[in-house]
Amino acid sequence: MTARGTTVNWAAFAAAEPELARTVEDRFGGYTHHILATLRKDGSPRTSGLEIRFLNGELWLGMMPGSLKALDLCRDPRFSLQANPGEGTDMGGGDVRISGRAVEVDDPETRAGYAEKVEPPERFHLFRAELTEVVRTYVEDDTYLVVDVWKPGEPVRTIKRT
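Residues numbered from 1 in each chain as written. Predicted model: local features only at pLDDT ≥ 70, side-chain atom pairs only at ≥ 80, totals over all residues. Heavy atoms only, no water.

(A) A look at the overall build of the protein. Broken down by element type, the protein carries 4 helices and 9 strands. Start at the N end of the protein and walk to the C end: the helices and strands fall as α-α-β-β-β-β-α-β-β-α-β-β-β. Against the 2.2 N^0.38 benchmark of 15 Å for 162 residues, the protein shows a C-alpha radius of gyration of 16 Å, consistent with a compact globule. In terms of overall dimensions, the protein has a C-alpha envelope of 50 × 40 × 35 Å along the principal axes. Residues classed as buried in the protein amount to 38% of the 162 residues present. Of the contacts formed within the protein by residues at least 6 apart in sequence, a portion of 56% connects residues at least 24 apart. (Helix = DSSP H or I, 4+ residues; strand = E, 2+ residues; numbered from the N terminus. Rg over C-alpha atoms; globule rule 2.2 N^0.38 Å. Buried < 20%, exposed > 50% of the residue type's maximum accessible area, 1.4 Å probe, protein only. Contact = heavy atoms within 4.5 Å.)

Laid out in structure tokens, this is it:
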């Protein structure tokens, strides 16, 4: 059992659950824009579009300077990230969501390495994701709704519903 509040980076998750990690990366890789949920000052949810990157064993969240979602994360680092469902209702690979805490990166060398590969605007906020949960939901055999849930220090738990 893991302690409440435990987080890991993307590399640790991928090492623990490589098959689920590949599925999640493929699902996020299918589209450029995804949905980020953050918490506003008053605690209510905010959803925003976001591009993400999996680079060097990390899940990176890059944002425009002063954007509301960046300010939300600076104030309260908790987030949930939902993969773009794509067109229609097929959702090949299932529906995937990553939750965790966003850690702002100020280190000039790390930021330069990110900027070299991603080419963001001149100024930007950069956050490294620390994962608290990864969820995949999909339909199996046109009969079952299957939910795979992973949390740090625990194996994937699979729930099947008819």
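(B) Region of the structure containing the packing of aromatic side chains. Overall, the coordinates contain 6 aromatic pairs when judged by the stated rule. Between F28 and F54, the aromatic rings sit 6.3 Å apart at their centres with planes inclined by 65 degrees, giving edge-to-face as the arrangement. Separated by 26 residues along the polypeptide, F28 in helix α2 (residues 18-29) and F54 in strand β3 (residues 52-55) bring together distant segments of the chain. A residue is classified by how much of its surface remains accessible, and F28, at 3% relative accessible area, is buried. (Phe/Tyr/Trp six-rings, centres within 6.5 Å; stacked < 30°, edge-to-face > 60°.)

(C) Representation of unusual backbone geometry. In the Ramachandran plot, N56 falls in the positive-phi region, its phi being about 50 degrees despite a non-glycine side chain. Locating N56 in the fold gives a position in the loop between β3 and β4 (58-63). A positive phi angle is found at D142, which is not glycine, with a value near 50 degrees. Note that D142 resides in the loop between β7 (125-140) and β8 (144-150). With a relative accessible area of 78%, D142 lands in the exposed category.

(D) Highlighting the pattern of salt bridges. Counted according to the given criterion, the structure contains 8 salt bridges. When the shortest N-O distance is used, the salt bridge between R53 and E51 registers 3.7 Å. Residue E51 is classed as partly exposed on the basis of its relative accessible area of 34%. One salt bridge connects E130 with R128, and the closest N-O pair in it is separated by 2.0 Å. (Salt bridge = Lys/Arg side-chain N within 4 Å of Asp/Glu carboxyl O.)

(E) Expanded view of the environment of E58. With respect to the helices and strands, the residue E58 is situated in strand β4. When its relative accessible area of 13% is taken as the criterion, E58 is described as buried. For the pair E58 and A129, spaced 71 residues apart in the sequence, the C-alpha separation amounts to 7.0 Å. For E58, the residues in contact, after removing those within four places along its chain, are N9, W10, R53, R128 and A129. A distance of 3.2 Å separates a polar atom in the side chain of E58 from a polar atom in the side chain of N9. (Polar contact = N/O pair within 3.5 Å; in protein donor to acceptor, adjacent residues only side chain to side chain.)

(F) Broad picture of the environment of T162. With respect to the secondary-structure elements, T162 resides in the segment after β9 (157-161). In this structure T162 comes out as exposed when scored by relative accessible area, which is 83%. Sequence separation of T162 and V139 is 23 residues, and the distance between their C-alpha atoms is 9.7 Å.

(G) How the structure looks around helix α3 (residues 68-75). Taken as a whole, α3 has its buried residues at K69, A70, D72 and L73. Buried residues in α3, looked at end-on, bunch into an arc of 155 degrees, giving them a common side. Where α3 is buried, its residues contact β1 (34-39), β2 (45-50), β4, β5 (78-82), β6 (95-104) and β7. (Arc of directions from axis to C-beta.)

What is shown is where atoms sit, not what they do.
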